[in-house]
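Residue-level listing of the chains:
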Amino acid sequence: MIFSRFLHHTSPFLLTSTLLATVSISSLITSTSALAAAGNSASLDALEKQMARIQAQQMELQKTLISMQKQIAAQRAALSPRGHKTATNHTITARSTTPAANGYEWADSNEGPSGKPRTATAMNTRPPRHLRNGDTSEAQPVFDDTNARPEVDAVIGHRDEDVIAHLADNAVGPHPRETVGAQATGALGDHGVFHMGPVAIILGGFLDASAVYENRHIPSGTFNYWQDMPYPNEPRYHTNNFDGSARYSRISLMARGNVNSHSTISGFYEMDFGAGASTTDAYESNSYAFRMRQLYLAYDNSKTNFHFLAGQAWSLLTPGRVGITPRQESLPETIESSMLAGQTWTRQLQLRFVKDFFQHRLWLGLSLENPATLYDTTGFQNNNGTVTLPNGSVATISSNGTGLTNDAPFSNEIAPDVIAKIAWDPSWGHYEAEGIVKFPHNRVSSLGQGHNNTVVAGGGGGSMILPLIPHTLEMRMAGLAGVGIGRYGSVLLPDATLRANGSPAPLFSAQTTAGLIAHPNPRIDVYGYFGYQAAGRRFSNYNGSPYGYGNPAYSNLGCETELSTLGCTANTRSVMEGTIGAWYRFLKGKYGTVETGIQLAYSRRQAWKGVGGAPDTSLSQIFMDFRYLPFQ
């Protein structure tokens, strides 16, 4: 009866509106040529006003149609058996057939993860799955219970927008977008999206205010530089320190477009303020410099399952969590911006080629990456990369940057680092194996002559993620070992030293991490990690003088006495870190997400044994953080 009255009252209005819209459009088409031909301002104004009236009539008509649509759906639901869904529901909600990575498919029903009714908004709706593959169909509008107007007026951002490659379900999945693990790799927002013609622009990033309180004075802020952990001979060993900054706030952006129905081109930018310029001071302005974190283009073809990346991104050696996919690296959720001792990573220029097989479960990747060799020249006289050898010759291992390059040492390199990886995504877990080959290079010169030296270095490793309770509790393990690859670990242990004749002498390096990460509910992340990185030693003695790294003839006699005048060479043998922490997202809505975190960390540095023993030192820290994510 009520529905009949509704139809009785709305049908005349609907008919009238339809006729008015039709007549107005016909009139507009008829008069457009005449008005435009007049060519004066009054005629053009009249044309614009007429268009505005037609648009208003169309809006009223659309609202009436939507209201009738909802009434029909309600009547069908009342006439159908309990629990039966009619076909009309499919015209109201944009649907996706594939579960979301975090286990919740927000747009597939009117219920949230707790089973309670959920209002559809621009934060939790999805377009049809085929948008990923280049289909130009538009998303269906989604309506709430109080407003009969579409909420998808322009563009809604979704995971399909920024995770372009097809992925297999491994019970690990891509990062849940709002988690700190996703933020570490370069997560984009789910409602900071708009279109410029055929190109989608997706925004990301966060505003960060972090601080650390520690029992040693290490002037590196929340970035742990473990090799600067002081021994008792330094006064800063005996004093506490507090330091805070907003410099690790980030801004990110992706531009992507569909080349055709099965291929996509995208560009990704990520920046922060982590660089310290020569004009930066910690006493007044604290003006840290804008710097590049990631900047690359990517091509993805879903027909051939081929993927290409060119630019600066996380190294292929960095552990991942699903496939071999940009911004899906497996990084710790820690507050410290150096992440974790023993973590394998760099961000550098690369040309990456990836192919996936067997319905996206097996991935093969090859990457040519920008090389660098981190030398330790203890015992030698090093003058800005020109090292004097015991026999009087000089070895050139690096030169300071010139022109537009900063005045810092850049090692002499002859070929890119070559990295290969295989990733496997069965139905449970993610597993990787990788290897690297690199070519340390220098030149040894004497008066009127010289020769070049090139050696081969490299190593291998792997990682795995075990979803103990899928999307709730996971275990991560990773490791890398070899020679000449120390710079690929967070501790930045040296890659090589020099032989007495000046040729590169790669050092053994090993690093490993393990952790448990829990997501007890969508608002809380809890983690615990252990990390370890170690360097081998190579040394020589020439005419009674020690050279190289870890030489037992070096003096460590003064390491344990404050202001001692005795030596304390103390080349680092190993660094370990244990840490626990948690994040809590206490505000989340259309305005974004606000979260806070706390982390406790303990690190220990062990030196190679020399004259006077093998000193060690430790560091205890408390990290605190507040973040606002406006697009997530």
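First, a word on scope: everything that follows refers to the structure included in this document.

The rules behind these values
- Residues numbered from 1 in each chain as written.
- Predicted model: local features only at pLDDT ≥ 70, side-chain atom pairs only at ≥ 80, totals over all residues.
- Heavy atoms only, no water.
- Disulfide = S-S within 2.5 Å.
- Helix = DSSP H or I, 4+ residues; strand = E, 2+ residues; numbered from the N terminus.
- Buried < 20%, exposed > 50% of the residue type's maximum accessible area, 1.4 Å probe, protein only.
- Lys, Arg positive; Asp, Glu negative; His and termini not counted.
- Salt bridge = Lys/Arg side-chain N within 4 Å of Asp/Glu carboxyl O.
- Polar contact = N/O pair within 3.5 Å; in protein donor to acceptor, adjacent residues only side chain to side chain.
- Contact = heavy atoms within 4.5 Å.

## Section: the state of the cysteines
- Taken as a whole, this structure holds 1 disulfide when the rule is applied.
- A disulfide bridge connects Cys 559 with Cys 568, and the sulfur atoms are separated by 2.0 Å. Across the S-S bond of Cys 559 and Cys 568 the torsion is about 110 degrees, and the bridge reads as right-handed.

## Examining the side chain of Arg 605
- Within the element layout of this structure, Arg 605 appears in strand S28 (residues 592-607).
- Nearest to the buried, unbridged Arg 605 among oppositely charged side chains is Glu 234, at 6.4 Å.
- A polar atom in the side chain of Arg 605 sits 2.8 Å from the backbone oxygen of Met 229.
- Only 3.4 Å separates the side chain of Arg 605 from the backbone oxygen of Ala 570, close enough to count as a polar contact.
- In this structure, Arg 605 is in contact with Trp 226, Gln 227, Asp 228, Met 229, Tyr 231, Ala 570, Thr 572, Ser 574, Val 575, Pro 615, Asp 616 and Thr 617, ignoring residues within four places of it in sequence.

## A short note on the pattern of salt bridges
- Under the definition given, this model contains 17 salt bridges.
- Two residues, Asp 228 and Arg 236, come together in a salt bridge whose shortest N-O distance is 2.9 Å.
- The class of Asp 228 is partly exposed, set by a relative accessible area of 25%.
- Arg 236 gets classed as buried once you look at its relative accessible area, which sits at 19%.
- Residue Arg 250 pairs with Glu 270 through a salt bridge whose shortest N-O separation is 3.8 Å. One end of the pair, Arg 250, is in strand S4 (residues 250-260); the other, Glu 270, is in strand S5 (residues 263-275), with 20 residues separating them in the sequence.
- For Glu 270, a relative accessible area of 2% corresponds to the buried category.
- One salt-bridge network, held together by shared partners, links Arg 250, Glu 270, Asp 272, Arg 291 and Arg 293.

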